[in-house]
Amino acid sequence: MSATREAGGIGTGGPGTGGAKTEGRVVYRRPQLLSNPTSYCPGCGHGIVHRLVAEVLEELDLGGRTILVGSVGCSVFAYDYLRLDALESPHGRAAAVATGVKRVRPDRIVFTYQGDGDLAAIGTAEIVHAAARGERFTTIFVNNGIYGMTGGQMAPTTLPGQKTSSSLKGRDVGTTGYPLPVTEMLSLLPGVQYAARVSVADPGHVGKARQAIKRAFEVQIEEKGFSIVEVLSTCPVGWNMTPSQAMERLATEVTAAYPVGTFVDRSRGIAPALPQPGGPHRSITEGF
Amino acid sequence: MAVLDQPGAETLPHLVASPPGTGGEASPLPDRVLMKGNEAIAEAAIAAGCDAYFGYPITPQAELLEWMARRMPEEGRTYVQAESELGAINMALGAAAVGARVLVSSSSPGISLMAEAMSYMAGSRLPMVLVNVMRGGPGLGSIGAAQGDYLQATKGHGHGDYRVPVLAPSSIAEAIELVGDAFVLAERYRTPVILLADGILGQAMEPVKPDFRSVERLPAPDWVLEGAAGRDPRAIKSLDLRPEDLERHNLVLQAVYAEITAREQRWAGESLDGAEVVVVAYGTAARIARTAVERAREGGLRAGLFRPITLWPFPAQALRDAARDARAVLSVEMSAGQMVEDVRLSIEGAVPVYHHGRMGGMVPTPDEVVDAMRRAWSTSDGGAS
């Protein structure tokens, strides 16, 4: 989606130009791991995230030994768009399914691809405990703050005041609580080796999202623990917006509520500061 | 019968690393060791070549998980204590999809939680063996032995049109044998299989031969996920939004179930020749029924025992044949009367069918079963045949 990549044009320096003297520089080539055109709505971020995953797996030459663990939601058909061996999971259970896959085949690259309804609501136990165990797989967590496939209902990630088909007057935190900051929560767990939140709001963020996804798979290769990339994304239909309005909201309101960045990269010394004995928090005796 | 009657080609005895009571020195092997049912089932699964076990603690099957926690790592195999029964069964789903021979165990409330993934595994045609050490219900119920999950195991469990073979041992020695059969059935037909035990079978200790059987591996199947290097990608799934395609998939499943029904019914009969009262019972209830049949015969009542070993497929024709000349049929269960529905469907009204059951972890005594047999005998006129 990056402007520079598109400007390069497809085929520049690609196969078939060999023999010619032109030293064309490849600025974009569609990943071979992408297959069919997707059926996602115009302006949906899933297509971008699929491409980024495909690009990264291709760059790292992992496609032939990667197993995709799908989930339930709009991305349920990911196996139709990514040329990877793939497995379906019951709603929310992808992290448990991936645990079974990776434990039996630790020599394979395993990742789950889950939305926020799937991961942050019905699948919270599975993702928390897979992360706590430090399972050696990667989770691509696409957060658009809504249940897209079922018609745009409120999700645990829906922002306060946001109107959805099941919060018609806007999410009321008094009765429905507050958005769940999944990646921040998981960052506290020592089993989490890498955790980042990124966005697909504009070409710059897409580039950073690609870097984070690449780093997550590298961390999986290092076999030290769990890695997760939360990708903030859009749902123009569910948000009742045009694609460009949705991208604008993603870049502003959504990113303000969900800060992007690398939260954990333990082998590079990035980890959240946890309360330590003698630390700045008040002890129970002081507190009372 | 075909599959179940064929032992694995390589039937090398599997040596128990440290049989209970032998202090870890396994040589020479004793003829018999005393083993708890849960532990015997676990060790039988290891001998059968179980690659991966996933579980969650619940009484009365916890010793099975504990045994696996110790033994699977010893064997260099996969063991995970999951965060819930949902976690355990879905880990099994993942492990099965990459070709592992998988065992999961739980007890009634935990089995209910597993219904969703069982449906997915049936729809995705993934093999797995699930042990249910039944306890009293409904709800949290009790931790006593019960058979209230018969309908759950044989009729539904999860959503959608599917069945899974259900094997019901009535002794620990038979449980060991059926664990191997369960893996054979699971892989031959690409289906989950349930081993339906109960709290007494799980908790009791009985002498068993410590040479558990191994189960031969089929050639590597062409559906296993391993990464798509050098070939087209594979997808293991149950989703198909086109009704025509999903019906076609269902027809394939139904054809498999028809084949299982035709080939894999298994049962045992005792004293059935000339029996006027045929008692039908499985599992622990069959142990009690056997004693009751002996006492009834001592008292002059010609009674016999028909013991289904496969609860699905239910051995309907065999039961019909066994009861042809009987005056009454009595289903004895540790439930309010669940299997009796299959007994009635099998008998098709030819002979009156009665039920005697206890619930909530209560176990019928042989004498009350004898009384029930006598009542069944005297209530039926017997003149029709």
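As the structure is a computational prediction, the values presented were derived from the model and not from experiment.

Please explain the sheet that holds strand β1 (residues 66–69) of chain A as it appears in this structure.
Strand-to-strand pairing in sheets goes through backbone hydrogen bonds, with the strands running parallel or antiparallel. Spatially, β9(A)-β7(A)-β8(A)-β4(A)-β3(A)-β1(A)-β2(A)-β11(B) is the arrangement adopted by the 8 strands of the open sheet, whose pairing is mixed. The outermost strands of the open sheet, each flanked by one partner alone, are β9 (261–265) of chain A together with β11 (235–236) of chain B. Here strand β4 (residues 138–143) of chain A runs beside strand β8 (residues 226–232) of chain A; their pairing, made up of 6 bridges, is parallel. Within the sheet, the bridge partner assigned to A:Ile140 lies in β8(A) and is A:Val229. Contacts between helix α2 (residues 46–59) of chain A and the sheet are confined to β1, β4 and β8 of chain A, with β4(A) contributing the most and set at about 160° to the helix.

Is there a simple way to think about the domain arrangement of chain B in this case?
Accessible area lost upon the coming together of the parts is a frequently used measure of interface size. Residue and element names in this part refer to chain B. Split by domain assignment, chain B resolves into domain 1 (19–212) and domain 2 (268–379). For domain 1 and domain 2, the distance between their C-alpha centroids amounts to 27 Å. In this complex, domain 1 contributes 25 residues to the contact, which on the side of domain 2 involves 21 residues. Of all the secondary structure elements, the ones that give two or more residues to the side of domain 1 that touches domain 2 are α7 (150–155), β7 (166–167), β8 (192–198) and α9 (199–203).

Teacher, can you tell me more about the packing of α2(A) against helix α9 (residues 203–222) of chain A here?
Any two packed helices are characterised by the angle at which their axes cross and by the distance between the axes. Residues and elements named next belong to chain A. Contact geometry for α2 and α9: axes closest at 9 Å, N-to-C directions at 50°. Classified by the angle their axes make, α2 and α9 are oblique. Of the two possible hands of crossing, α2 and α9 adopt the one that is right-handed. Residue-level contacts link Ile48, Leu52, Val53, Glu55, Val56, Leu57 and Glu59 of α2 to Val206, Ala209, Arg210, Ile213, Lys214 and Phe217 of α9. Here the contact of α2 with α9 is composed, by residue class, of 9 nonpolar, no polar and 4 charged.

Would you explain the sheet that holds strand β17 (residues 353–357) of chain B in this entry?
Residues and elements named next belong to chain B. Pairing within the open sheet is mixed, and its 5 strands lie in the order β12-β14-β13-β16-β17. Edge positions in the sheet fall to β12 (267–270) and β17, since each has one partner strand and no second. Taken over all neighbouring pairs, the strand axes of this sheet differ in orientation by 20° on average, direction set aside. Pairing of strand β13 (residues 277–280) with strand β14 (residues 303–308) involves 4 bridges; the strand directions are parallel. Among the inter-strand pairings, Val279 is bridged to a residue of β14, identified as Leu305. Of the strands in this sheet, β12, β13, β14 and β16 (328–333) touch helix α11 (residues 283–298), which is tilted by about 165° from β14. Set on the sheet, helix α13 (residues 339–347) makes contact with β13, β16 and β17; between it and β16 the angle comes to about 155°.

Procedures and definitions
- Residues numbered from 1 in each chain as written.
- Chains lettered and ligands numbered in written order.
- Predicted model: local features only at pLDDT ≥ 70, side-chain atom pairs only at ≥ 80, totals over all residues.
- Pairing = 2+ DSSP bridges.
- Helix = DSSP H or I, 4+ residues; strand = E, 2+ residues; numbered from the N terminus.
- Contact = placed C-beta atoms within 7 Å.
- Axes fitted to C-alpha atoms, helices over the stretch in contact; angles between N-to-C directions.
- Domains from an automatic or database assignment.
- Parallel < 35°, antiparallel > 145°, perpendicular 65-115°, else oblique.
- Left-handed = near helix turned anticlockwise from the far one by under 90°.
- Nonpolar A, V, L, I, M, F, W, Y, C, P; charged D, E, K, R; others polar.

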